[in-house]
Each structure stands twice: as C-alpha cells, then as structure tokens.
Amino acid sequence: MSIFTEPVGLSHFLVVGAVLFVCGVICMATKRNVLGVLMGIELVLNGANLNFVAFGSSVLRPPGTEGIGMDGQMIALFVIVLAAAEAAVALAIALSYYHAHATVDVDRGDELRG
Amino acid sequence: MTAADLRLLVPEIVLIAAAVTIYLGGAFSTARRAWSWIAAAALLLAAVALWSQNPSADGGSLGCDALARYVQWFALAAGALLVSLASRPLRFDGTPEYVGSLLLTVAGLMLVAAAEDIVLMFVALELISIPTYVLLYLGRDDAESQESAAKYFFLGVLASAILLYGFSFLYGATGSTAFSEIRAALDGTTILPPGFAVFARLAMVLVFAGLCFKVAAVPFHFYAPDVYQGTTHANAALLSVVPKAAGFVVMARILVAAIPGMEPYSWGVVLAVAVLTMTFGNVMALWQDDFRRLLAYSSIAQTGYILLALAVGLAARDAPGAWNGIVALWFYLATYAAATIGAFATMEYLGRAERRLDSVDDLAGLGRTRPAAAAVMAVCMFSLAGVPPLAGFWGKLLVFGGALSVDTSGTAGWWFTAAAVVGVLNAAVAAAYYLRIVAVMYFRIPLATPPARGGRGAWMSAVACALLVVGIGIYPGPLMRAGNFCDQQLPRVDAGAKHHSPPFGRQKNPPPPQSAPQFGMAATKKVSTPNAYHIRRTLVLSQTRVTTSCHIIFK
Amino acid sequence: MDLSILPIIPIVLLVACVIGLAVGLLIVGQVLNPARPGAVKQMPYESGMDPIHDARRRFDVRFFLLAIAFLVFDVELLFLYPWAVAGRNDECRMMNDELPAGTLSNLAADIHHSSFYIHHSPVPRPPSPVPTTNRHMVFAGAMTFIALLVLGFVYDWRKGVFQWR
C-alpha cells in the first residue's frame, strides 16, 4: 500500500508539513519583495505548527499508544501568537526599509559586504 | 508550588515589569536620561531577588539547577554592562523603547536558562529575538542600519522556525514537551512507537542548525559581519553576547542532556562545525578594516572554540572535573563576553553622538592621545587573543586541554587531538589581527584625537570589563568552580530517569531506585498546572509590548 | 416545573442578552446620533479609501499601522480560550495540587480532562476534588494578561497610533 492509497494518517500530515516548510524556505530564498519573504516565514512556521498538531492528535497516534494530551494544540496557539508578533515587527522593519531604500526589494540592500 | 513557582520567577518579573514601565513612561514623559537609571535599578533589584532565592526551591517548568543559576547571573552581569554601555540617549526618538527592549532580552536569557520545557524555551528564545530586532531597528536611522535590521530579522526568524520544526519532531518522537520526559523516552526507559526514534535524530540536526544561527557558527554565520557593521557598538555588543549565551544554553540542555544516546553522532557534527567555524572566522578577520566587522569575525571564531568545548562535553562526559568540556564552555563564554563588551564599550566611549568610530584606523596613536582607553582596549584584545595572564588564556587552556584529554584509545581521541592542534594554530592566526589593533594603537602616528564623548556609562562599562578580565585572569578559580556543574548537568548513561507517567505503552524497566544520581536538568519539579501558562502568558504579553513599541517608527 | 429544561437556561439567557445588546446598541445609535448625511458619508466603504479605483493601487501607509495594532490585539485573544475552559472545572482544581511531576501537560491536560471530555473519557473520574486557591491563581494570571494588553493599548494611544495624521 503506498502513501497515496492508505488511509490518511500521521505520515500524511508530516509530509504536508514538510512540504509547507520547504515551500516557505524556498519562498524566503527566492522572493525579492520583503512582504513575499514574510509570507515565506508564515509558511515555515505553519509547517512546524502542522507537525505539532498532528503529533499531538490522539486520533493520529499509532494504534496501541495512548494519546498524549493537547500539548500540540497549545504549542500551535503559542506559535500563532509569536508569528503575529513577528509579523508586526516585520511590517515595521519593511516600512523603514522602504523609507531608507525607496523600495521593498531585499536585493537592493547590499551596502554591507566584505 | 504555585507560590514557589512565582517566587522563582521574581527576577524575570521585576525585569519585565521595569521594561513595561519604561515603555509606558516613555509614552508619557519626555525624559531622556532617567530610563537607564530605572533599568539599572531593576537589574539591581532582580539581582537581589535572585540572590535571596532558595536554590533548591521547586518550580514547574522552571528549573533552578546550577546551570540555570550560572547563566542567570551571567545574564544579569551582562545586562548591567550593556545598560551602562548604552546609557547615552539616542540621538532621535526611542530611547525608552531601546532601554526597555534591552531589559527584555536580559529577562529572556534568564528564562532560557531556567526553562525545563521546550515550549517555555522557545517562547523565551523569542523573548530574546523580538526585542533584538527592535533594538537593531532603533540603534541607527540610516540605510545601512535598516539593511542590517532586515537581514538579521529574516535570518533570525528562519532560524527560529528551523528550531521550532526540530522541536516539533522532538515532541512527536517522545510525546512530551518536558525535558525530563523527553530524556526518559529517548534513553529507552519508556517504549517509543515503532519508527519514532528516527525523529529524534532529525530533531537533533534541525535544533542544532537553528541554534548555529543564534551562536553564529559556520554555515549560519554569514549574517554576522553585515549586521554588526550596520549597527551601533552597543547593539553589536548585545548581539555578540546575549543570543550566543542563549544558544549555548539550549545546546547544552538539549544536545547534552535531553537527547541521550546521540553522542556518537553529535560530537562529530559539533566538532566539524567547531573547526570550520574557528578557521573561517579567524581567516576572514585578517583583512577587515571596519572594527565591528572585525569583531564580528572574531566572535564567529570564538564561537568555534566554545563549540569545541561543547564537542568535548559530548564526547568526554565521563572525564573528571575541569577537563570535561562543560566547565570550559561556560568559563570561556564568560571571559569572551567580558572582553567583547569591553572592546565595544571602549569604542563607544571614544566616539561621540554624531560620529561613531568605525574603522580600526580611527584608533591610530590612541596610546598617546587617550592612554587609558588604549590600555582598556589592549587588555580586551590580549584577552581575546589568549595572552597568558588574562582571562582568555585560561579559557583557551581549558578548551584545548579538554580536547587533548579525550580518551585517545578510540578514534574520537585522534579527532580531538587534531582539532586541538587546529585550534592552537587558529589562536596563533587570531593573535595577528588582535595584536594588529594593539599595534595600531601604540605604534602608529595619531591622525586625530578621538573625541571621547561617548558618555560616562560606556567608560564605566569598559573599565569594569577590563577589571573583570584582569581579575579573572589573576584569580580564575571561583569562576571555574562556578561553572563546574557537570556532575549535576551530565547524567551517566545508566543513571536512569525519574519519571512518573510513561507516555507510551508500559514501562520496559522497573523504575530505578530513587537514590540513583539525578541529573540536574530533571531534578524533577512538581508541575504546577496554571502557573506554567501564567508564565508563558506573561512572556508572550511582554512581547506584545515589544511589537507595539515598533509603532514608533510611524511617527 | 419540568426540570429537563434547566440545562438550556444559560443558553437561552445568553441568546437573549446578545439580541438585547445588539438591538439596544442600534436603538441608542439611532437616538443619540446627530444625522448629518453627506455625499462622502453615503459612499460605500467609507473607511478613508476612495471606493472606485484600480484594485492594485497602493494603500496609504497609515492603514498598516492600524492593521498591526489590530493583528496584535486580535491574536492575543487566542489565549483567553484555554483559560476560559481550564479555569472553571473541578478537575483543574484537583490536578493543581496532585499533578505528579512528568504529567503530560499543564493546562492542556486540564482541557483534556475538562468537563467536556469527562463524560467520554474511559478514565473514571477521580474521587473527591480538593478545592484549592489555585483557581485564583488562574484568574489572576488571566487578569495580568488582560492588564498588560490594556497597558499596550494605553501605549499605542499615547503614541498616537489611533490618530489619523
């Protein structure tokens, strides 16, 4: 039975989480717009979040092991709030970056090198 | 329990309350100089609270083992030096936000040290990171500064996310967020679901990668030179001390103590990163002219030495006393922090508000024009280079001695001997650029007398650092003993974990007798239900305060 | 009186209060509001934006400021849900005292064992909950949280975030 035909289980969630994570990293690496990079951050954090929730779910645990409480969901809550805080700081930084460089293209910030 | 838990938190609460007061006060008052005094008073109060704590008190997801105490004192001392260093008001709006954020990073470091739970640890790390972004933003208001703030922010968030992703696998593999239970699950005391053990290895790699960013280790170091160069001396001093200390605490907690059975893999990884880091940092530092950029590469190189100590700690956990790496790690970190803050404080003192000293050439002839500042700078440079009577020498001695003392019967010993040789060669290379600064100060014709208008606070900080460096160099015993908590920190492999509710299945082994040596990390506390969340709430809330503080830019 | 209706009385009360509040606010608005209609006020989306233009136009940067303030305060509210669930059951009070070290989670365990789950849980309900003062601690924690939010609000207000300049 391949991963495509078996019933949805923990591994499917982990795969989706990994895909989100990698998409986010690629987005951060390739986007030139500050806000695009910010979207990449959200994807990365939510990839990790999905892992937490999937691991914490009592339904998805392998059969025979007991549930492990709701820690996963709680962590997801904390991460959502942290992501919001980071987004707030990021918007502020993006704005001041715009003031300084008259663009939100991150590749234009290249004065520091050596 | 809850009351005791709160009592354990008093120092952090004092700092966070002071930070909130300073933010709010800044919104209501136009005072400029008072904030540093409030911050200093808060640090003093926190120190009193920490001093009066009962070290054996119980705390929920908070620990109070020797490592936590050591790092908490370290955080308070570094915080005092940094507040003093940054006591000159900013040239533009935002001084209260700056000082408040500084206090929050110190509180975050103290919480990281005490965290016994991956959630609290992650939130505490963010309590360091987010104020640091704000500090980088506030320090200067030119294009370079914005570039460095943006670089640090995006890479910092990516590192946090990688760390979090690693934590998610750690949680998934073991079914718990508490370090004591993670350890119990991984050392075979409880049975994992089939196939889950591989998650622990994945977690180790991801966590280490995320932390390499915090400590600026190769290959996650590349932000450091740009960010240091683009910000102020005070921010550079903060960046080179606080996130690094936090990163090493988490590494010690997780790699050494919470993930057992990984030493055969982990010491190799850490050793390779250590050698690469020190070599890269030292070589790149050789042709830098910008002072902060030079010290950024220097801090990368110093990270390499500290990682070498960590690798020794992973490989030689059974070695006695001073040679087991862990002592070296904490001793080295303290001496490095003192010398680095001293160097940046001297530079801050020598400049003036409108014109920073940025270049090494600005120091030309300082020995004649400003002999006292030159002496302080020379002491810090000699210590960083590891010249014998100073503190840095003892740090390097402990690190390399530890590496050489790893049992040579196996292959590990040869690798560590090779690493120690590379390290000593590196120290020789490093001496070249540290001594170049000293030579510039004493053997070059002075071009212009530096204004030395950086303020009394920066000068006090610089002198205190120099005195610390000399004092530790002459009398290193107390600091070494303070850092010698490996007996509590490192459990023997057969020690067994004390645990109560196995998350998965039945227990494989009968519980070990209670007289078995307990590892300090899990000197197990009663978990107090609401309070851990109270703590976290307070934490996250204080982050809200930080995020609101960034609104200032819209003015 | 038929007792079977008792459990839904709170819900009925809640619905009544919600409807009453909504209708009452509308009426109060109608009564107290000075009626000064104008061309600008009659436009749809009178939130400072010209409603008819290209959708990809740049927004005024001042919207970002409000967006950030909203984002932060909105998301912080998430933390009140677990508090509201966990602070109110007997199990929580009991577990506060008797939770052994190494129990899986703190607040999460409360939710897991909360009254919502208790009827479905295969684990029998532990006997004789011990009332303690910890409920006050939970309450104090939530209040501290809200107080800090209020302080943040005061800060924003003093910094002029809510002024359209």
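Fair warning: this is a prediction, and the values are worked out from it, not measured in the lab.

Cut-off values and rules
- Residues numbered from 1 in each chain as written.
- Chains lettered and ligands numbered in written order.
- Predicted model: local features only at pLDDT ≥ 70, side-chain atom pairs only at ≥ 80, totals over all residues.
- Helix = DSSP H or I, 4+ residues; strand = E, 2+ residues; numbered from the N terminus.
- Buried ≥ 20, exposed ≤ 12 C-beta atoms within 10 Å, placed from the backbone.
- Contact = placed C-beta atoms within 7 Å.
- Axes fitted to C-alpha atoms, helices over the stretch in contact; angles between N-to-C directions.
- Parallel < 35°, antiparallel > 145°, perpendicular 65-115°, else oblique.
- Nonpolar A, V, L, I, M, F, W, Y, C, P; charged D, E, K, R; others polar.
- Left-handed = near helix turned anticlockwise from the far one by under 90°.
- pLDDT = per-residue confidence, 0-100.
- Core = buried A, V, L, I, M, F, W, Y, C linked by C-beta atoms within 7 Å.
- Domains from an automatic or database assignment.
- Expected span 1.5 Å × (residues − 1).

1. Section: the overall build of chain C
Turning to step 1, where the next piece is worked out: Looking only at helices and strands, chain C has eight helices and zero strands in total.
Turning to step 2, where the next piece is worked out: Ordered by position in the sequence, the α and β elements of chain C form the string α-α-α-α-α-α-α-α.
Turning to step 3, where the next piece is worked out: The burial tally for chain C puts 25% of its 165 residues in the buried class.
Turning to step 4, where the next piece is worked out: Of the contacts formed within chain C by residues at least 6 apart in sequence, a portion of 72% connects residues at least 24 apart.

2. Focus: the overall build of chain A
Turning to step 1, where the next piece is worked out: A tally of regular secondary structure across chain A gives three helices and zero strands.
Turning to step 2, where the next piece is worked out: Starting at the N terminus and ending at the C terminus, chain A contains elements arranged as α-α-α.
Turning to step 3, where the next piece is worked out: For chain A, buried positions account for 48% of its 114 residues.
Turning to step 4, where the next piece is worked out: The long-range fraction of contacts in chain A, counting pairs at least 24 apart against all pairs at least 6 apart in sequence, stands at 50%.

3. A closer look at unusual backbone geometry
Residue and element names in this part refer to chain B.
Turning to step 1, where the next piece is worked out: In this model, Val-218 is joined to Pro-219 through a cis peptide bond whose omega is 5°.
Turning to step 2, where the next piece is worked out: If you trace the backbone, Pro-219 turns up in the loop between helix H8 (197-215) and helix H9 (223-229).
Turning to step 3, where the next piece is worked out: A positive phi angle is found at Ala-216, which is not glycine, with a value near 60°.
Turning to step 4, where the next piece is worked out: By the element assignment, Ala-216 lies in the loop between H8 and H9.
Turning to step 5, where the next piece is worked out: On the basis of neighbour counts, which here come to 29 C-beta atoms within 10 Å, the residue Ala-216 falls in the buried class.

4. Observations regarding the packing of helix H3 (residues 66-85) of chain B against helix H13 (residues 326-350) of chain B
Describing two packed helices takes the angle between their axes plus the distance from one axis to the other.
Residues and elements named next belong to chain B.
Turning to step 1, where the next piece is worked out: Packing of H3 against H13 leaves a shortest axis separation of 10 Å and a crossing angle of 5°. Classified by the angle their axes make, H3 and H13 are roughly parallel. Along its contact with H3, which presents Tyr-70, Phe-74, Ala-78, Leu-81, Leu-82 and Leu-85, the element H13 presents Trp-330, Ala-334, Ala-337, Ile-341, Phe-344, Ala-345 and Glu-348.
Turning to step 2, where the next piece is worked out: Partitioned by chemical class, the residues of the contact of H3 with H13 number 12 nonpolar, no polar and one charged.

5. As for the packing of H13 of chain B against helix H16 (residues 391-404) of chain B
Residues and elements named next belong to chain B.
Turning to step 1, where the next piece is worked out: For the pair H13 and H16, interaxial distance at closest approach is 9 Å and the crossing angle is 155°. In terms of orientation, H13 and H16 fall into the roughly antiparallel class. Along this stretch, H13 crosses H16, giving a crossing that reads as left-handed. Here Val-327, Ala-328, Phe-331, Tyr-332, Thr-335, Tyr-336, Ala-338 and Ala-339 of H13 come into contact with H16, specifically with Ala-391, Gly-392, Trp-394, Gly-395, Leu-398, Val-399 and Gly-402.
Turning to step 2, where the next piece is worked out: Here the contact of H13 with H16 is built from residues that sort into 11 nonpolar, four polar and no charged.

6. Thoughts on the confidence of the model for chain C
Residues and elements named next belong to chain C.
Turning to step 1, where the next piece is worked out: Per-chain confidence: chain C averages 70 in pLDDT, with 62% of residues scoring 70 or above.
Turning to step 2, where the next piece is worked out: The weakest mean pLDDT in chain C belongs to helix H7 (residues 115-118) at 40; the strongest belongs to helix H1 (residues 9-32) at 92.
Turning to step 3, where the next piece is worked out: In the predicted structure, residues 93-132 sits below a pLDDT of 50 and forms 87 contacts with residues beyond four places in sequence or in another chain.
Turning to step 4, where the next piece is worked out: Taken together, the chains of this predicted complex give a pTM of 0.82 and an interface ipTM of 0.92.

7. A short note on the nonpolar core
Turning to step 1, where the next piece is worked out: Among the nonpolar cores identified, the biggest contains 269 residues, and Val-112, Ile-341 and Cys-465 of chain B are the most heavily contacted of them.
Turning to step 2, where the next piece is worked out: It is helix H3 (residues 71-101) of chain A that provides the largest number of residues to this core, a total of 21 residues.
Turning to step 3, where the next piece is worked out: If you count residues domain by domain, this core takes at least three from each of domain 1 (1-261 + 527-555) and domain 2 (281-490) of chain B.
Turning to step 4, where the next piece is worked out: When residues no more than four places from it in sequence are discounted, the contact partners of Cys-465 of chain B are Leu-81, Ala-338, Ala-339, Ile-341, Gly-342, Ala-345 and Cys-380 of chain B.

8. Description of the environment of Gly-473 of chain B
Residues and elements named next belong to chain B.
Turning to step 1, where the next piece is worked out: In this structure, Gly-473 sits in helix H18 (residues 456-474).
Turning to step 2, where the next piece is worked out: Taking C-alpha positions, Gly-473 is 3.8 Å from Ala-391, a pair spaced 82 residues apart along the chain.
Turning to step 3, where the next piece is worked out: With residues near it in sequence (within four places) discarded, Gly-473 still touches Pro-389, Leu-390, Ala-391, Phe-393 and Trp-394.

9. Looking at H18 of chain B
Turning to step 1, where the next piece is worked out: For H18 of chain B, with 19 residues, the first-to-last C-alpha span of 27 Å sits near the 27 Å given by 1.5 Å per residue.
Turning to step 2, where the next piece is worked out: Gly-457, Ala-458, Trp-459, Ser-461, Ala-462, Ala-464, Cys-465, Ala-466, Leu-468, Val-469, Ile-472 and Gly-473 of chain B are the residues of H18 of chain B that are buried.

10. Focus: the environment of Val-283 of chain B
Residue and element names in this part refer to chain B.
Turning to step 1, where the next piece is worked out: Tracing the sequence through the fold places Val-283 in helix H11 (residues 263-285).
Turning to step 2, where the next piece is worked out: Its 15 C-beta neighbours within 10 Å are what place Val-283 among the partly exposed residues.
Turning to step 3, where the next piece is worked out: Along the chain, Val-283 and Val-269 lie 14 residues apart, while their C-alpha atoms are 21 Å from each other.

11. With respect to the confidence of the model for chain A
A low pLDDT means the predicted coordinates there should not be read in detail.
Turning to step 1, where the next piece is worked out: Taken as a whole, chain A shows an average pLDDT of 82; of its residues, 87% reach a score of 70 or greater.
Turning to step 2, where the next piece is worked out: The element-level mean pLDDT for chain A is lowest in H3 of chain A, coming to 84, with helix H1 (residues 10-30) of chain A highest at 90.

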